[in-house]
Structures are given as C-alpha cells and as structure tokens.
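Notes for the structure review
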Amino acid sequence: MESKKSKILIIGVTGRLGFELAKASLNSFHPTFGLVRDSAFSDPHKSQKLHTLSDSGVTLIKGSLQDEDILIEALKQVDVVICAVSSKQVPEQKLLISAIKRVGCIKRFLPSEFGSDPERSQVSDLDHNFYSRKSEIRRIIEAEGIPHTYVCCNFFTSFFLPSLVQPGLKSPPRDEVTIFSDGTAKGVFVKESDVAAFAINTVDDARTLNKVLYLRPPGNVYSMNELVGIWEGKIGKTLKKIYITEDELLKKIRETPYPENMELVFIYSAFVKGDHTYFKIESSGGLEGTQLYPQITYTTISESLDTLL
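Residues numbered from 1 in each chain as written. Predicted model: local features only at pLDDT ≥ 70, side-chain atom pairs only at ≥ 80, totals over all residues. Heavy atoms only, no water.

The name given to the protein chain in an unreviewed UniProt entry is NmrA-like domain-containing protein, with Anisodus acutangulus as the source organism.

Structure representation (structure tokens):
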C-alpha cells in the first residue's frame, strides 16, 4: 500500500452520500476537496453542511459539472475523483470524464453509481432508463481507459428500511404488512456512512482497480419475510400479512405515473426479481466489500430497526 494518501475530490458533498464520503475521506486522512455549486451556499441546509465540512478541513471549490475550465483546475489538484450526484444528474458526468481524460493525472474515478448493479438489472423495460444511464457512463469511462472502481451498495438503509419496504409509510407498520410476491427474494441495505467508509477504502487499493465492489454485509441481506420476522420479534407482535402477486405489482407499476412509480420499480427489482443477490459475486469478477475490508464496522439491519422502535 502507498504511504502517501491520495488527494480526493468529491462531487456532490451536500448530498446525503457525498457528505458522508467527505467525512470518511477526512477520517482516513486524505486531503479532501469538494466541488460545490454556487447556489449551495445560499441554501440554508446545504450551507450548514458546507460550514461543517470546511471547518473539518475540506477544501471547497466553487464550480459545477457544466464548467470544464473549473473542472480541469480542480482535477489538477487531486489524484482521485468520487462523484455522488443524484441519479437525475448521472448523464452530466460526461464532461467530467472528458476533463479527467484531458488532465491525465487521475489515478481512480468512482462514478455516481451507489445502487444495485446497472448491468445486472432485470427491470430495464420499466425503469425509464434509470440503469441504462449508469451503464452508458461505464462504457464511456472504459472506452477512455480511465482507471475506475464501481461501487454497488444496493439500497441505503434510509431509503426503504424506515417503512419496512411499505410504499407510502414513513415508519414501520404495527398491524399489517404488505409482502411482494412470495417474500423470499433477498435485498441488501447499507447505511450511507458505511457505504462511504467502504468506498474510501477502495481508492488506494490496487485490488479494486477497474473492478466492481459489491456490498452484501452479513446481517444486511434479507428477504421481506425475514425483515418482517425480525421486526415482529422486536415489537413482540405478529403482523397481518397481505401478499401482492408479481402480476399485481406490475399492474400497479404500469398504472402509477412516472416518477411516482419508481419506488415500486425498485421494490420489484430487489424483492421480486432478486437483482441485489441473484448472481454470485466471485464468478462475476467483482469483489465483496466486507471480505476485502473486514476491519470496517458497519450497522446491521437489526441495529437500524432498533432505532425505529
């Protein structure tokens, strides 16, 4: 391992994951930079985050993914780039990739993925190009020969776990619960701060160069039936189960307008099709984060559910 820590530029530091990435980068003693849009400084919530990061030692650079000159100036100061923009902004990484290619000094690029593997999604007829946009970025990175790592962490715990995968609910059910299909397909949940810790560990690791890092932490991979069982154990009560068949769910997806139906598409992908877990990581040529970095302590689903009691 290199003793000198790579300098890391994070794009999207005011977002939920970007903020955690910046903190994890500082915790690992990387000189850390954040590319921030001008508008973020006038948004009270974002500016508070920026103050926190700046006080902790993050160097903030004003600029956006649309400004190639500023991108190039920012890139010249660092070794690694991590993009954590929202899924809507995924296509906007094209100019960033061409700037990375131009400066020629970037040792690793982690594009904005941080979900399930776009190459293994079985819902591409339903997802309004959600995954194909991410795949397109992969193809451009590879065509340009840019050293990369793709991080596939599946679901964030903040996304579906607070409702126990119940669309429309803000907290876990106490009486009845909806289970999709037969409830046996397993999904994966990882806390944002843990995703960030795993991602930062990859940047100077030769093993992860041009590889996909998957996160399937033991204790965080469960089917709907298992999730409901864990929750019932915690509240000491058996919930009434309502099963929705695959056909019923598909009908609902098609009847619900976009983008409101995307929540259902993600549920269908993970908990009916099993997109998080249907393939073996080893035979896919990928690596599993908890096996590579056993020293990282992460929050389990059971611990996350404890906070919802």
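Once you've had a look at it, read on.
To continue, consider the pairing of strand 9 (residues 186-190). With four of its five residues buried, strand 9 lies for the most part within the structure. Alignment of strand 7 (residues 155-156) against strand 9, held across two bridges, turns out to be parallel. Note that in strand 9 the partner of Phe156 across the bridge is Val190. Sheet analysis places strand 9 next to strand 11 (residues 221-223), joined by three bridges and oriented antiparallel. By the bridge assignment, Gly187 is partnered in strand 11 with Tyr222. (Buried < 20%, exposed > 50% of the residue type's maximum accessible area, 1.4 Å probe, protein only. Helix = DSSP H or I, 4+ residues; strand = E, 2+ residues; numbered from the N terminus. Pairing = 2+ DSSP bridges.)

Another aspect to go through is the sheet that holds strand 11. Strand order in the open sheet made by the three strands is 7-9-11, with mixed pairing throughout. A strand with exactly one partner marks an edge of an open sheet, and here the two such strands are strand 7 and strand 11.

Going through the model one piece at a time under the given rule, you end up with 12 aromatic pairs. Centre to centre, the rings of Phe130 and Phe266 are 4.9 Å apart; their planes meet at 70°, and the pair counts as edge-to-face. Residue Phe130 is found in helix 5 (residues 130-143), and its partner Phe266 is found in helix 10 (residues 262-271); the two are separated by 136 residues along the sequence. Residue Phe266 is classed as buried on the basis of its relative accessible area, which comes to 13%. Cluster of aromatic residues (ring-pair linked, three or more members): Phe130, Tyr131, Phe155, Phe159, Phe160, Phe189, Phe266 and Phe271. Cation over ring: Lys62 sits above Phe41, and NZ or CZ is 4.8 Å from the ring centre. The ring of Phe279 has Arg216 lying over it, and the distance from NZ or CZ to the ring centre is 4.8 Å. (Phe/Tyr/Trp six-rings, centres within 6.5 Å; stacked < 30°, edge-to-face > 60°. Lys NZ or Arg CZ within 6 Å of the ring centre and 35° of its normal.)

For the rest of this paragraph, the subject is the sheet that holds strand 10 (residues 211-214). Working definition: the strands of a sheet are paired by backbone hydrogen bonds and lie parallel or antiparallel to each other. Judged by pairing direction, the sheet is parallel, and its three strands sit side by side in the order 6-10-13 without closing on themselves. Taken across any chain shown, the strands that pair with only one partner, and hence form the sheet edges, are strand 6 (149-152) and strand 13 (287-288). Sheet topology note: the strand 10/strand 13 ladder contains two bridges and is parallel. Note on strand 13: the bridge partner recorded for Tyr214 is Glu288.

Next up on the list: the nonpolar core. Counting residues in each nonpolar core, the largest one holds 35 residues, and the members touching the most others are Leu21, Ile82, Phe114 and Leu213. For this core, the elements supplying multiple residues, two or more each, are strand 1 (8-11), helix 1 (16-27), helix 2 (44-56), strand 4 (80-83), strand 9 and helix 7 (192-202). Of all hydrophobic cores here, the second largest spans 34 residues; its members include Leu164, Val177, Tyr268 and Ala270. (Core = buried A, V, L, I, M, F, W, Y, C linked by side-chain atoms within 4.5 Å.)

The residue Lys251 is located in helix 9 (residues 246-255) in this model. The exposed category is assigned to Lys251, whose relative accessible area is 51%. A sequence separation of 43 residues divides Lys251 from Pro294, and the C-alpha atoms of the two residues are 42 Å apart. A polar contact is formed between the side chain of Lys251 and the side chain of Glu255, at a distance of 2.8 Å. (Polar contact = N/O pair within 3.5 Å; in protein donor to acceptor, adjacent residues only side chain to side chain.)

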